[in-house]
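An overview of the molecular structure
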Amino acid sequence: MTTLAGLLRQRAAVVATIRRFFEERGFVEVQTPIRQSVVIPEAHVRLLEADGKYLQSSPERAMKLLLSRGCEKIFQICPCFRGGERGRLHLEEFTMLEWYRKDTDYQVVMGDCRELVEYIAGALQADDGWAAVGGAPDKWRWLYTTVESGFDRLSPLSLAEVLRRDCFEEILVEYVEPHLGTAGGEFLYEYPVQDGSLARTRSDDPGVAERFELYIRGIEIANGCSELTDPVEQRARFSRQCARILAEQNIDIAMPEQFLTEIAAIGSAAGVALGVDRLLMVLTGAETIQQVVPFSVAE
Amino acid sequence: MFAASDLRKGLKIVIDNEPHIIVDFQFSKPGKGQALYRCKLRNMITGSQFSNTYRSNDKFEKPDLEERSMQYLYHQDDEYHFMDTNNYEQLFLTAEQLANNTNFLTDNMEVSVLFFNDRPIDISLPIFVDLRVTQADPWARGDTSGTDTKPVTVETGYQLQVPPFIEEGEKIQIDTRTGEYVTRVKE
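The structure displayed is predicted, hence computed values, not measured ones.

A few points about the sheet that holds strand 7 (residues 65-76) of chain B
All names here are of chain B.
- Ordered in space as 9-8-7-10-11, the five strands form an open sheet in which the pairing is antiparallel. Because the sheet does not close on itself, it has two edges, and the strands there are strand 9 (90-94) and strand 11 (119-124). Ignoring strand direction, the axes of neighbouring strands in this sheet form an average angle of 45°.
- Where strand 7 lies against strand 10 (residues 110-116), seven bridges are found, and the strand directions are antiparallel. If you follow Gln-71 over to strand 10, its bridge partner there is Glu-110.

In structure tokens form, the structure reads like this:
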């Protein structure tokens with residue numbers, strides 16, 4: 001049983017180690033506004049409001065604006081807010097680490113993810129209270145699984161079949177996710193473009209988005225992609241999301257025009273969003289996300 | 001009506017016109033995907049359990065459930081008769097509906113009867129009931145065989161394990177949730 005003081009020390013150690021990792025690699029830590037008047041339209045995110053503005057569900061829009069304005073390698077550790085998300089792996093307010101690199105693609109930031117997790121796990125090895133997954137990090141097995149082969153291996157239905165039946169997420173959480181990253185880290189990558197969101201599609205296959213998720217112990221830790229910087233394609237995807245939000249939640253989300261104007265200037269880039277609380281869960285062996293934050297929801 | 005975001009452990013909802021209680025609940029939201037509400041449900045009439053996953057826009061009817069305090073009267077074959085002591089109205093539930101609860105019912109016992117759409121579907125017993133032991137083997141003092149319990153039968157016909165000092169004719173307290181012996185009742 002970890003004490004409150006012990007938990008806070010573990011959180012502080014992980015955050016300090018993240019900062020050291022990125023500083024050693026020439027990244028600049030940035031801060032962007034937490035309240036936003038313009039947001040990226042995402043049908044599956046319920047925004048929380050604060051005095052006429054939205055609390056960020058992610059710093060993605062602001063950080064990409066920094067990329068378009070000349071920043072090359074940036075990272076941020078910040079609170080994010082998503083309404084109605086409560087459960088073993090979800091808090092409405094949680095801590096996100098995001099980082100972006102210019103002139104690169106998703107495979108490079110997949111490498112960042114693995115290096116970062118190994119770096120943190122290695123740095124924290126000596127301390128008490130850390131539950132190394134499958135032994136010391138140099139003994140971890142890292143697996144790289146395309147979404148299609150993950151469904152072939154673990155699901156009763158193929159990827160094509162679940163997309164046809166509109167049950168991709170149901171089958172993913174029931175059959176695939178629990179078995180990912182059981183011996184270390186596992187990347188699930190190349191998502192169907194329906195779940196592409198802000199990811200670039202593969203040049204040789206427009207049905208596949210250059211996006212990945214990192215799983216450890218069956219828990220989704222990070223999500224990353226090659227950033228879509230084509231304003232025409234991005235506007236088309238946003239329009240579809242706006243229409244869904246209007247139909248399902250009756251909220252008229254404004255198109256992020258500034259963002260659409262500026263993303264072309266980014267050229268190519270890749271980025272990752274990593275849930276710091278969930279990373280703490282796998283490093284400490286916690287069963288629920290509530291165990292790694294110092295206050296309960298009610299408090 | 002309940003929305004999917006209202007779902008949680010212990011909530012009662014109507015599915016296929018029958019009341020169900022959520023016995024296990026998990027919120028999932030994979031990657032950039034939609035929120036999923038994964039439930040394990042128990043049918044409050046049949047007791048059968050199953051799992052189902054719901055999406056954000058699913059809606060659920062709230063079951064019309066009512067609990068009334070009633071007195072157990074008697075049973076005839078598989079029919080267990082109860083009476084509302086306020087208006088003397090009588091009704092019965094079947095042994096199948098009552099399942100293990102029949103092990104603990106004694107004449108005149110106050111129980112809570114659960115109604116769904118004005119139809120009785122289940123009862124809740126007091127957590128502890130006192131029942132008389134009707135059959136027990138005598139305890140051989142000095143028995144060193146090592147067993148620290150023995151089987152007895154109580155007035156309802158239910159059999160359970162009790163400490164060896166319990167004798168025929170005594171009353172014992174039983175936990176109706178587990179069906180286990182709690183203590184000897186002094187009379």
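Back to the write-up after that little detour.
Let's talk about the layout of surface pockets
- Taken as a whole, the second largest pocket encloses approximately 530 Å³ of empty space.
- Surrounding the second largest pocket, 23 residues form its lining, Arg46(A), Gln249(A), Tyr37(B), Ser56(B) and Asn57(B) being those nearest its centre.
- At three residues, helix 7 (residues 231-249) of chain A tops the list of elements feeding residues into the lining of the second largest pocket.
- By residue class, the composition of the lining of the second largest pocket is eight nonpolar, eight polar and seven charged.

Focus: the nonpolar core
- With 50 residues, the main nonpolar core has Leu97(A) and Trp99(A) as its most contacted residues.
- For this core, the leading source of residues is helix 3 (residues 106-124) of chain A, giving nine residues.
- One finds Met70(B), Leu93(B), Phe115(B) and Val162(B) within the second-largest nonpolar core, a separate group that totals 27 residues.

As for the sheet that holds strand 13 (residues 150-154) of chain B
All names here are of chain B.
- Taken together, five strands build an open sheet; the order of strands is 14-13-12-15-16 and the sheet is antiparallel. Edge positions in the open sheet fall to strand 14 (159-162) and strand 16 (180-185), since each of these has one partner strand only. Each adjacent strand pair in this sheet contributes to an overall mean axis angle of 50°, direction not counted.
- Here strand 12 (residues 128-136) pairs with strand 13 via three bridges, running antiparallel. Paired with Ala-136 across the two strands is Val-152, which belongs to strand 13.

Quick word on the domain arrangement of chain B
Residue and element names in this part refer to chain B.
- If you check the domain split of chain B, you get domain 1 (2-60), domain 2 (65-124) and domain 3 (128-185).
- Between the C-alpha centres of domain 1 and domain 2 the distance comes to 28 Å.
- Contact with domain 1, which involves seven residues of that partner, is made by five residues of domain 2.
- Together, the buried faces of domain 1 and domain 2 total about 480 Å²; carbon and sulfur atoms form 78% of this surface.
- Three residues stand out in domain 1 for area buried against domain 2, namely Pro-19, Met-44 and Ile-45, and they jointly supply 76% of the buried area on that side.
- The interface formed by domain 1 and domain 2 holds zero salt bridges in total.

Digging into helix 1 (residues 4-24) of chain A
All names here are of chain A.
- With 21 residues, helix 1 ought to run about 30 Å at 1.5 Å a step, and its terminal C-alpha atoms sit 30 Å apart, in line with that.
- Turning to helix 1, its buried residues number three or more, namely Gly-6, Leu-7, Gln-10, Arg-11, Val-14, Val-15, Thr-17, Ile-18, Phe-21 and Phe-22.
- Considering only its buried residues, helix 1 is in contact with strand 5 (73-81), strand 6 (93-102), helix 3 and helix 9 (276-284).
- Residue Gly-26 follows helix 1 closely and has a positive phi angle near 80°.

Things to note about the interface of chain B and chain A
- Opposite the 13 residues of chain B that make contact, chain A presents 24 residues.
- Buried area between chain B and chain A, summed over both chains or domains, comes out near 1,600 Å², and the portion from carbon and sulfur atoms is 48%.
- Looking only at chain B, the three residues that lose the most surface to chain A are Phe27(B), Lys29(B) and Lys32(B), adding up to 41% of its buried area.
- Seen at the junction of chain B and chain A, the total is five salt bridges.
- The salt bridge partner of Glu42(A) is Lys32(B), with a shortest N-O separation of 3.5 Å.
- At the boundary of chain B with chain A, the tally comes to seven residue pairs in polar contact (both at pLDDT 80 or more).

Quick look at unusual backbone geometry
- For Asp51(A), which is not glycine, the phi dihedral falls at a positive 55°.
- A relative accessible area of 74% places Asp51(A) in the exposed class.
- Phi angles above zero are rare outside glycine, and Asn117(B) is one such case at about 50°.
- You can see Asn117(B) is positioned in the loop between strand 10 and strand 11.
- The class for Asn117(B) is partly exposed, based on a relative accessible area of 45%.

Digging into the environment of Gly169(B)
All names here are of chain B.
- Secondary-structure assignment places Gly-169 in the loop between strand 14 and strand 15 (171-175).
- When the C-alpha positions of Gly-169 and Pro-138 are compared, they lie 12 Å apart, and in sequence the two are 31 residues distant.
- Sequence-distant contacts of Gly-169, defined by excluding residues within four places in its chain, comprise Arg-132, Val-133 and Glu-187.

Here we look at empty space enclosed by the protein
Residue and element names in this part refer to chain A.
- Here the structure, examined in full by the defined rule, presents four cavities of 30 Å³ or more.
- In this structure, the largest cavity spans a volume of roughly 100 Å³.
- Residue lining of the largest cavity: Gln-36, Val-39, Ile-40, Glu-42, Leu-47, Gln-56, Ser-57, Ser-58, Glu-60 and Arg-61, and that is the complete set.
- Of the residues contributing to the lining of the largest cavity, the split by class is three nonpolar, four polar and three charged.

Looking at the pairing of strand 16 of chain B
Residue and element names in this part refer to chain B.
- Here five bridges tie strand 15 to strand 16, and the two strands are oriented antiparallel to one another. Within the sheet, the bridge partner assigned to Asp-175 lies in strand 16 and is Glu-180.
- The loop that links strand 15 with its antiparallel partner strand 16 comprises four residues; one of these, Gly-179, has a positive phi angle of about 75°.

Scoring rules and cut-offs
Throughout, residues of each chain are indexed from 1 in the direction in which the sequence is written. Starting at A for chains and at 1 for ligands, labels are handed out in the order in which the entities are written. Local features are withheld for residues below a pLDDT of 70 in this predicted model, meaning they are given only at 70 or higher, and side-chain atom pairs are given and counted only at 80 or more; totals for whole chains, interfaces and linings count all residues. Here the side-chain values reflect all heavy atoms present in the structure, with hydrogen atoms and water set aside. Any two strands with at least two DSSP bridges between them are considered paired. Elements are defined by DSSP. Helices are runs of H or I of four residues or more, strands are runs of E of two residues or more, and each kind is numbered from the N terminus. For helices, the axis comes from a line fit to the C-alpha atoms of the stretch in contact; other axes are also lines fit to C-alpha atoms, and the angle between any two N-to-C directions lies between 0 and 180 degrees. Site definitions follow a grid-based scheme: protein atoms alone, a 1 Å grid, a 1.4 Å probe that fits but cannot get out for cavities, and for pockets an open set with protein on both sides within 12 Å along at least five of seven lines, plus lining residues having an atom within 4 Å of a point. Grid points are joined across faces, edges and corners, and a volume is the space filled by probe spheres set on the points. Just so you know the grouping, Ala, Val, Leu, Ile, Met, Phe, Trp, Tyr, Cys and Pro go in nonpolar, Asp, Glu, Lys and Arg go in charged, and all remaining residues, Gly too, go in polar. Only buried Ala, Val, Leu, Ile, Met, Phe, Trp, Tyr and Cys residues count toward a nonpolar core, and they belong to the same one when joined by side-chain atoms within 4.5 Å. A simple rule labels every residue: compare its accessible area, found with a 1.4 Å probe on the protein chains alone, to the largest value its type can have, and call it buried under 20%, exposed over 50%, or partly exposed in between. Domain boundaries shown here were taken from an automatic or database domain assignment. The contact criterion used throughout is that any non-hydrogen atoms of two residues lie within 4.5 Å. Two parts lose some accessible area (1.4 Å probe) when they are put together, and adding that loss for both gives the buried area. Here, a salt bridge means any Lys or Arg side-chain nitrogen found within 4 Å of an Asp or Glu carboxyl oxygen. Multiplying 1.5 Å by the helix residue count minus one yields the expected span of that helix. In the analysis that follows, any N or O atom pair within 3.5 Å is treated as a polar contact, provided that within protein one partner can donate a hydrogen and the other can accept it, and provided that, for residues neighboring in sequence, both atoms belong to side chains.

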